[in-house]
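# Understanding the architecture of this molecule
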Amino acid sequence: MEPFLEAFQYSFMQNALLAAIFTSISCGIIGTYIVSKRIVFISGGITHTSFGGIGIGYYMGFNPLLGAAVFAVLSAIGIEYFSRKSEIRHDSMIGIFWSFGMALGIIFIFLTPGYAPNLMSYLFGSILTVSLTDTWLMLGLSLLIILVFLLMFRPILYIAYDETYARTRNIPVSAMKYLLMALVGLAIVLSIRVIGIILVISLMTIPQTTANIFTKKFKTIMVYAVITALIGTLAGLFVSYKMDIPSGASIIFSLVILFIIAKIVKLIQRRSLS
Amino acid sequence: MNETKLVDIEHVYAGYDNKIVLKDVNLSIYQKDFIGVIGPNGGGKTTLLKLILGLLKPSDGKIHRYTSVSSGIGYLPQYSEIDQKFPITVRNVVLSGAMTGKKLIFKHTRKQKQRADELLEQMGIAHLQNKPIGELSGGQLQRVFLCRALVSDPNLLILDEPNTFVDNAFEGELYEILRELNRSMAIVMVSHDVGMISPYVKTIACVNETLHYHPSNKITEQQLATYNCPIQLLAHGDVPHTVVKKHQ
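If you're wondering where the values come from, they're calculated on a predicted model, not measured in any experiment. (Residues numbered from 1 in each chain as written. Chains lettered and ligands numbered in written order. Predicted model: local features only at pLDDT ≥ 70, side-chain atom pairs only at ≥ 80, totals over all residues. Heavy atoms only, no water.)

### Details of the pairing of strand 6 (residues 156-160) of chain B
All names here are of chain B. With five of five residues buried, strand 6 lies mostly within the body of the structure. Burial of strand 6 is two-sided: the residues Leu156, Ile158 and Asp160 facing one way and the residues Leu157 and Leu159 facing the other way are all buried. As paired elements, strand 5 (residues 74-76) and strand 6 share three bridges and run parallel to each other. Directly across from Tyr75, in strand 6, lies its bridge partner Ile158. Bridge count between strand 6 and strand 7 (residues 186-190): five bridges; the pairing is parallel. In the strand pairing of strand 7, Leu159 is matched with Met189. (Buried < 20%, exposed > 50% of the residue type's maximum accessible area, 1.4 Å probe, protein only. Helix = DSSP H or I, 4+ residues; strand = E, 2+ residues; numbered from the N terminus. Pairing = 2+ DSSP bridges.)

Pasting the structure below:
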């Protein structure tokens, strides 16, 4: 433990720690909605579309995360809108957004003169290079997500469970879904710095699935998922620091180990009960 | 007729993506009605329910919901339309039926929670209230959905094949519950099994692209043939079957 605590003398490690906490909160909560409503594929689509925004950010010289945020929110709303209004099927529409965003990102990064040094960190994440500004943004988003879920927990739960029924009760289903998809987009973008575009879906699914082993209640899954995500990111951060391996991959490795341990614990529990 | 009218459907056409499913449908629902909706699969039974619920807008014609149902209609959807692995408890499913209105910031009142507890007790599933829905049997789940449909104390209850995936014992019990509920609310129930429902419902609507309303629960095979309503008539030994002559 001591070398780990020692490491926090460095400000980059302090930022990394804060990033791990805030990302675990926002992904733990938002991921519970994603997993319960079975929109993992949409979330993957939004994540990859946001790469287009990163490319444009590089090319035009503004913060790539800002570009990613705009792309993520627009694609989240766009997928929702187009699959309702047009004849193209939902998952095909996601496929188009997914690949088009990646293509745009590649084109613009290619057109940018010089080498794009941080490109790899956007694709695979780099929790050790998270800036202080990034952590402030993550804090803001975590607070926003907590606030929305505290105030609107009932409509969120009911719409996620049975949208059609919610419509018969005159609940504003569409407005609520657009709001939640926008939050999904933002949570994804701010996690990109920590875990990368290619791996971000892990924080939205593995902790929730682990939590779901022990509880079948929406609210409890959210709490357990946040805790699991936190343990996983901190363990991953530590391993990444000690062994000098990419942080995104080591975080996912830790999360999967936690998932396997949870499965085994559950099996043993069942054995001893029967 | 001096009964209170709840819903008026006048010359309604409806469908999806330019495909017309229902043509020139007329139906009035009154306070004391118990209408059995029968017809072949794909004939438009569920579409009719969606129109009454306001989930689907008619492409032509008019639907009028009177003020007594403007606060909401109780609805029990088809069993297969619900995600049975969703992490939600029985009590929360029932409470979800109490939510109403355009508010996004919403908390349940004590009265709503009391009503939910009463219904769970009445349906004999109070001991299951904290269980996730994934652990319930088909019959238990249908009871939960019935509680959800009733928690808002609606004047109109709409049921889409409530007898699927339930055991025979509960099916009979369900119809007795509905008969009791019919004292205080109108009921519209879709069923694929006309033989089973006909002793319980008061009138029958046969839906197959068009709607034919029979102002009694006595329906014969010839009538069904006349109205182009190819329905399977099942004979059950212990269910009273009434066969009357074809009327003009």
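Once you've had a look at it, read on.
### Considering the side chain of Ser96 of chain B
With respect to the helices and strands, Ser96 of chain B occurs in helix 3 (residues 90-96). Owing to a relative accessible area of 4%, Ser96 of chain B belongs among the buried residues under this scheme. Beyond its immediate sequence surroundings of up to four residues, Ser96 of chain B is in contact with Tyr158, Tyr165 and Arg169 of chain A together with Arg148 of chain B. (Contact = heavy atoms within 4.5 Å.)

### Points about helix 11 (residues 201-214) of chain A
Residues and elements named next belong to chain A. Most of helix 11 is tucked away, with ten of its 14 residues classed as buried. Along helix 11, the residues classified as buried are Ser202, Leu203, Met204, Thr205, Ile206, Pro207, Gln208, Thr210, Ala211 and Ile213. On its buried side, helix 11 packs onto helix 2 (11-36), helix 3 (40-60), helix 10 (173-195), helix 12 (218-243) and helix 13 (247-273).

### Points about the packing of helix 12 of chain A against helix 13 of chain A
Residues and elements named next belong to chain A. Direction vectors running N to C along helix 12 and helix 13 enclose 130 degrees, while the axes themselves pass 7 Å from each other. The angle between helix 12 and helix 13 falls in the class oblique. Judged by the sense of rotation from one axis to the other, the crossing of helix 12 with helix 13 is right-handed. Every residue of helix 13 that contacts helix 12 at Thr228, Ala229, Ile231, Gly232, Thr233, Ala235, Gly236, Leu237, Val239 and Ser240 is listed here: Ser247, Ser250, Ile251, Ser254, Leu255 and Leu258. A breakdown of the residues in the contact of helix 12 with helix 13 according to their chemical character gives eight nonpolar, eight polar and no charged. (Axes fitted to C-alpha atoms, helices over the stretch in contact; angles between N-to-C directions. Parallel < 35°, antiparallel > 145°, perpendicular 65-115°, else oblique. Left-handed = near helix turned anticlockwise from the far one by under 90°. Nonpolar A, V, L, I, M, F, W, Y, C, P; charged D, E, K, R; others polar.)

### Considering the interface of chain B and chain A
The interface is formed by 38 residues belonging to chain B together with 26 residues belonging to chain A. For the pair chain B and chain A, the two sides together bury roughly 2,900 Å², of which 62% comes from carbon and sulfur. Considering only the side of chain B, the residues that lose the most area to chain A are Phe86, Pro87 and Leu104 of chain B, jointly responsible for 24% of the buried surface there. Viewed at the interface, chain A and chain B are joined by two salt bridges. Linking Arg148 of chain B and Asp162 of chain A is a salt bridge whose minimum nitrogen-to-oxygen distance equals 3.1 Å. Here chain B is connected to chain A by ten residue pairs in polar contact (both at pLDDT 80 or more). Elements represented by at least two residues in the side of chain B that touches chain A include exactly helix 3 and helix 5 (138-150) of chain B. For the side of chain B that touches chain A, a count of residues per class yields 20 nonpolar, twelve polar and six charged. (Buried area = accessible area lost by both parts, 1.4 Å probe. Salt bridge = Lys/Arg side-chain N within 4 Å of Asp/Glu carboxyl O. Polar contact = N/O pair within 3.5 Å; in protein donor to acceptor, adjacent residues only side chain to side chain.)

Worth remembering: the numbers are spatial, not functional.
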